[in-house]
Amino acid sequence: MPEIEFGGHTVRSHGAKVAKKHRCDWLIFFVLVAMDGFLNYIQPFNRYTNAKMLEDLKFPFKEHDTIPMWAVPIFAVVLPCTVFLIYYHYRRDVYDLHHAILGVFYSVLVAAVITDSIKDAVGRPRPNFYYRCFPDGVEAFQANGDVKCHGDPNIVKEGYKSFPSGHTSWSFAGLAFLSWYLCGKVKAFDRRGHAAKLCIVLLPLLFAALVGISRVDDYWHHWTDVFTGSIIGTVVASLCYLLFFPFPHDINGWAPHASIKMREKNGFHSSSVAMDTV
């Protein structure tokens, strides 16, 4: 199939039509937002933790994260959306803009729902659980040997949410989606052998990996929490991207499926598109 042309479908001319066509997707999006809010509200499973198990959970409790949770949506959602807007300003394709934004929103939110569901079900204590449970260092146990925490209830509650890492899954969900997007736009697999393109594609993944490492360094997560979070985020990001865009190695890998179908329907076929990258 020849490479398609671009342009001609702006927010002003086709924005309302695209939004209306995907109103059910946006409705489900807000349902997922409510679900994740509920998952963060409920009490996680309090896994049995005796004195012997506490020996591995006595890492320092740092209340202030290296990367706070409020910062994660900025680089996992706002940063990718900024890139999408810059590309839209250059190409004027509302299908690309809408599907990229919807895709990254779904990627992060689906990863969040999966992550928080597992967190609540597993109830794994964090590496710093001891000082969450016994901030004064005075231990107390129930008759069955389980801990009897007397720390702040909210801090103790968060102490049972180690597996998997939410920071990591969110970061990979948003930044892996951005990597897929950049891969298609710069035509990283155009068989011309430009290694610089690979550096552009891998940069968001490197940042996501550093976020995961910071969670281990802060003693908020075990390394297995971070590893699992990265897998969840990457898999969800890949599925969400490929739902809206073709594989980057495709001749039209830079365009969303909707744009390709629209231009084919209108008879716009061309093999001399200016989407050529060097």
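- Under an unreviewed UniProt entry, the name given to the chain is Lipid phosphate phosphatase, and the source organism is Nicotiana tabacum.
- UniProt annotates the chain under Subcellular location (unreviewed entry) with the comment "Membrane".
- Taken directly from UniProt, the Sequence similarities (unreviewed entry) text for the chain runs: "Belongs to the PA-phosphatase related phosphoesterase family."

**Digging into the packing of helix 8 (residues 166–185) against helix 10 (residues 223–244)**
Here is step 1 of the chain: Two numbers describe how helix 8 lies on helix 10: the axes approach to 7 Å, and their chain directions differ by 40 degrees. Our classification of the angle between helix 8 and helix 10 gives oblique. For helix 8 against helix 10, the interelement crossing comes out right-handed. Of the residues in helix 10, those touching helix 8 at Thr168, Ser169, Phe172, Ala173, Ala176, Phe177, Trp180, Tyr181 and Gly184 are Val226, Gly229, Ser230, Gly233, Thr234, Ala237, Ser238, Cys240, Tyr241 and Leu242.
Here is step 2 of the chain: Residues belonging to the contact of helix 8 with helix 10 are distributed by class as follows: 11 nonpolar, eight polar and no charged.

**Brief notes about the UniProt feature "transmembrane region" (unreviewed entry) in the chain**
Here is step 1 of the chain: Here, UniProt's "transmembrane region" (unreviewed entry) annotation points to residues 26–43, 67–88, 100–118, 167–183, 195–214 and 226–244.
Here is step 2 of the chain: The span residues 167–183 is 100% helical and 0% strand by assignment, and the distance between its end C-alpha atoms comes to 24 Å.
Here is step 3 of the chain: The span residues 226–244 is 100% helical and 0% strand by assignment, and the distance between its end C-alpha atoms comes to 28 Å.

**Section: helix 8**
Here is step 1 of the chain: Here helix 8 is 20 residues long and its end C-alpha atoms lie 29 Å apart, about the 28 Å a rise of 1.5 Å per residue gives.
Here is step 2 of the chain: Of all the 20 residues making up helix 8, 19 are buried; the element is thus mostly covered by neighbouring parts of the structure.
Here is step 3 of the chain: Phi turns positive one or two residues past the end of helix 8, at Lys187, with a value near 55 degrees.

**Description of the nonpolar core**
Here is step 1 of the chain: Phe75, Cys81, Phe84, Tyr106, Phe177, Tyr181 and Phe245 are the most contacted members of the largest nonpolar core, which has 45 residues in total.
Here is step 2 of the chain: Looking at this core, the elements that each hand over two or more residues are helix 2 (23–41), helix 4 (72–91), helix 5 (94–122), helix 8, helix 9 (195–217) and helix 10.
Here is step 3 of the chain: Per-element tally for this core: the top contributor is helix 5, with 11 residues.
Here is step 4 of the chain: Sequence-distant contacts of Cys81, that is, excluding residues within four places in its chain, are made with Ile101, Val104 and Phe105.

**Description of the environment of Asp218**
Here is step 1 of the chain: Within the secondary structure, Asp218 sits in the loop between helix 9 and helix 10.
Here is step 2 of the chain: In this structure the C-alpha to C-alpha distance between Asp218 and Pro127, which are 91 residues apart in sequence, comes to 9.4 Å.
Here is step 3 of the chain: When near neighbours in sequence (up to four residues on either side) are disregarded, Asp218 contacts Pro60, Lys62, Asp65, Thr66, Ile67 and Asn128.

**Digging into the state of the cysteines**
Here is step 1 of the chain: Counting across every chain of the model gives one disulfide.
Here is step 2 of the chain: Across the disulfide, Cys133 is cross-linked to Cys149 (sulfur-sulfur distance 2.0 Å). Classification of the bridge connecting Cys133 and Cys149 rests on its S-S torsion, roughly -100 degrees, and on that basis the disulfide is left-handed. Placement of the pair is Cys133 in helix 6 (residues 129–133) and Cys149 in the loop between helix 6 and helix 7 (153–159), with a sequence separation of 16 residues.

Parameters at a glance
- Residues numbered from 1 in each chain as written.
- Predicted model: local features only at pLDDT ≥ 70, side-chain atom pairs only at ≥ 80, totals over all residues.
- Heavy atoms only, no water.
- UniProt positions renumbered as here; feature names shortened; annotations may be inferred.
- Axes fitted to C-alpha atoms, helices over the stretch in contact; angles between N-to-C directions.
- Helix = DSSP H or I, 4+ residues; strand = E, 2+ residues; numbered from the N terminus.
- Parallel < 35°, antiparallel > 145°, perpendicular 65-115°, else oblique.
- Left-handed = near helix turned anticlockwise from the far one by under 90°.
- Contact = heavy atoms within 4.5 Å.
- Nonpolar A, V, L, I, M, F, W, Y, C, P; charged D, E, K, R; others polar.
- Expected span 1.5 Å × (residues − 1).
- Buried < 20%, exposed > 50% of the residue type's maximum accessible area, 1.4 Å probe, protein only.
- Core = buried A, V, L, I, M, F, W, Y, C linked by side-chain atoms within 4.5 Å.
- Disulfide = S-S within 2.5 Å.

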